[in-house]
Amino acid sequence: MFIWYRNSILATALSLMGCASILAAVSELIKDESLRELTTPQAVVAIAVGVALAVLGKVISVRKASRKNTAVTASASAPAAAHPAPVQSAPAAVTQTPVKGLTAAGIFALLTIVLTVGATLLAGRNMLTRATDIVSTIEIGLYVLLAAGCFRAKSLRAASGLQAVCFFGLCGIEALSALTNYRVYGPDHFIASDGAIYHYMYAAPALAAAAFLLMAVFALCACAKTRSRAGGFARALWFLPTLLLIVSFTKLIGDSHIPGLLEMMFSRGVISFRPEFLVLLSVISTVLTVFFAGLGLRRLCGLSAPSAPAPRRAAYVYEPVSSNPVPPAQPVQPQPIHMQPAQPVQPKPAAPQADPQDIDRKLQAYKDLLDCGILSQAEYDQKVRELTRG
């Protein structure tokens, strides 16, 4: 029947959906025309959708296996160094932490588009005739932009404003649906023409609107400029929108006639293909889109903010060991220092002794000057002291 891919759960799920679509369409074609629920063009469209899903699953599995083989080959062909150089730790901004989930979210967003368009074509409706169909067309455009935003966020390693805008748009569509149901069916319960009672018809779209609103807030928290401050909020509550969507779509499917159709199909043992089943698959794909988008935003919030690179340390280089060792250097012997003999200190010559006769002549001359009144008594005594000390 379908192909089971061991290396990818996503590829297996796509293959399962594609094979189910092909089998259901083929079973419609082999029926009698009076018993068919689908026309021939509608069955051909279902087969084309199934083939596209199966091929997409095969491509995903092959690409994943190719990346794994490339990584193994590169690690095996890397030569081992004899002396491994010290590995310098890279700064936190350069560390490439894998961001998983965003690619799967983009793929399931595209799958939601395919299933929604397929259900519309099988129902034979023109998507531009009624107001509800125009809203569905806008919703499909938002899913296209959401898929592009998820792929772009993975390459940029940060959430973009495009994701937040798409989730805000989906929130507005669901809020409009909740308001319409509130006005048409009332705030409590609604009794249909067949006697069935439906409670709180506005609750399912209101829960879906709350889920998409939370996803928009998480996308804003996962932006590069805000995840350092508000990233913890998205990391703690990333699973809450998925739970809200599960509760919302469970009530939505329970209020529809899809469970009755499935019960009738299994009781009769006849596989039939109806647009309602594509709607059910579209609902499941939407839940998976939100789940993987929330997981990817959680991982983006866990990345550290870009910072300045740390200064590089000088790496040392291993020198090859030579086969001829160099002998160690001989110690330098101290050279003897030749001391010159100290020269004897020559005594200073003594001052020449004055002649006594010369002193007497000078004393007599000073006496004559004193007697003549040329020298005073004080000056005469000074001259005598100088000569006698001399």
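Residues numbered from 1 in each chain as written. Predicted model: local features only at pLDDT ≥ 70, side-chain atom pairs only at ≥ 80, totals over all residues. Heavy atoms only, no water.

Student: So what's going on with the packing of helix H11 (residues 356-372) against helix H12 (residues 377-389)? Residues and values would help.
Tutor: For the pair H11 and H12, the least separation of the axes is 10 Å and the interaxial angle reads 175°. In terms of orientation, H11 lies roughly antiparallel with respect to H12. Side by side, H11 and H12 meet where Ile359, Lys362, Leu363, Tyr366, Lys367 and Leu370 of the first sit next to Gln377, Tyr380, Lys383, Val384 and Leu387 of the second. (Axes fitted to C-alpha atoms, helices over the stretch in contact; angles between N-to-C directions. Helix = DSSP H or I, 4+ residues; strand = E, 2+ residues; numbered from the N terminus. Parallel < 35°, antiparallel > 145°, perpendicular 65-115°, else oblique. Contact = heavy atoms within 4.5 Å.)

Student: I'd like to hear about the layout of surface pockets, residue by residue, with values.
Tutor: Roughly 1,100 Å³ of volume is contained in the second largest pocket. Taken together, 32 residues make up the lining of the second largest pocket; nearest its centre are Leu10, Ile60, Thr103, Ala104 and Ile107. Listing elements by their share of the lining of the second largest pocket, those giving two or more residues are helix H1 (9-29), helix H2 (40-77), helix H3 (102-122), helix H4 (131-156) and helix H10 (275-302). Residue contributions to the lining of the second largest pocket peak at 10 residues, all from H2. When grouped by side-chain class, the residues that make up the lining of the second largest pocket number 21 nonpolar, 4 polar and 7 charged. (1 Å grid on protein atoms, 1.4 Å probe; cavity = no way out; pocket = protein on both sides within 12 Å on 5 of 7 lines; lining within 4 Å. Points joined across faces, edges and corners; volume = space filled by probe spheres on them. Nonpolar A, V, L, I, M, F, W, Y, C, P; charged D, E, K, R; others polar.)

Student: Give me the lowdown on a nonpolar patch on the surface, citing residues and values where you can.
Tutor: Residues Val51, Val55 and Val59 make up a contiguous nonpolar surface patch of about 220 Å² in total accessible area. By the secondary structure assignment, Val51 is in helix H2. (Patch = residues over 30% accessible without salt bridge, like charges linked within 9 Å, V, L, I, M, F, W, Y side chains within 5 Å. Areas by Shrake-Rupley, 256 points an atom, 1.4 Å probe, with all protein chains shown as cover. Salt bridge = Lys/Arg side-chain N within 4 Å of Asp/Glu carboxyl O.)

Student: Account for unusual backbone geometry, with residues named and values stated.
Tutor: With a phi angle near 60°, Arg157 is a residue other than glycine that sits in the positive phi range. In this fold, Arg157 is placed in the loop between H4 and helix H5 (161-185). Here Tyr200, not a glycine, exhibits a phi torsion of approximately 50°, which is positive. Mapping Tyr200 onto the fold places it in the loop between strand E2 (197-199) and helix H6 (203-221).

Student: Pulling in residues and values, what's your account of the environment of Cys166?
Tutor: Note that Cys166 resides in helix H5. Distance in space between the C-alpha atoms of Cys166 and Val144 is 9.1 Å, their sequence separation being 22 residues. Other than its neighbours up to four places away in sequence, Cys166 contacts Leu142, Leu145 and Leu146.

Student: Quick one: what's the story with a positive patch on the surface, residue by residue and with numbers?
Tutor: A contiguous patch of positive charge, built from Arg63, Lys64, Arg67, Lys68, Lys100, Lys154, Arg235, Arg298 and Arg299, is present on the exposed surface. Along the chain, Arg235 falls in helix H7 (residues 227-237). (Lys, Arg positive; Asp, Glu negative; His and termini not counted. Charge placed at Lys NZ, Arg CZ, Asp CG, Glu CD.)

Student: Go over the nonpolar core with me, naming the residues and quoting the values.
Tutor: Ranked by size, the top nonpolar core spans 43 residues in total, and within it Tyr143, Phe167, Phe212, Met215, Leu245, Leu297 and Leu300 carry the most contacts. Secondary-structure elements contributing two or more residues to this core are H3, H4, H5, H6, helix H8 (240-255) and H10. Aside from chain neighbours lying at most four places away, what touches Phe212 is Tyr143, Phe167, Leu170, Cys171, Glu174, Leu245, Thr286 and Val290. (Core = buried A, V, L, I, M, F, W, Y, C linked by side-chain atoms within 4.5 Å. Buried < 20%, exposed > 50% of the residue type's maximum accessible area, 1.4 Å probe, protein only.)

Student: Tell me about the confidence of the model for the protein, residues and numbers included.
Tutor: Model confidence for the protein is summarised by a mean pLDDT of 77, while 74% of its residues fall at 70 or above. Per-residue pLDDT, averaged within each element of the protein, yields its smallest value for H1 (74) and its largest for H6 (94). Every residue in residues 89-95 is under pLDDT 50, and counting partners more than four places away or in other chains gives 7 contacts. A low-confidence stretch, residues 314-318 (pLDDT under 50), is modelled with 5 contacts involving residues beyond four sequence positions or located in other chains. (pLDDT = per-residue confidence, 0-100.)

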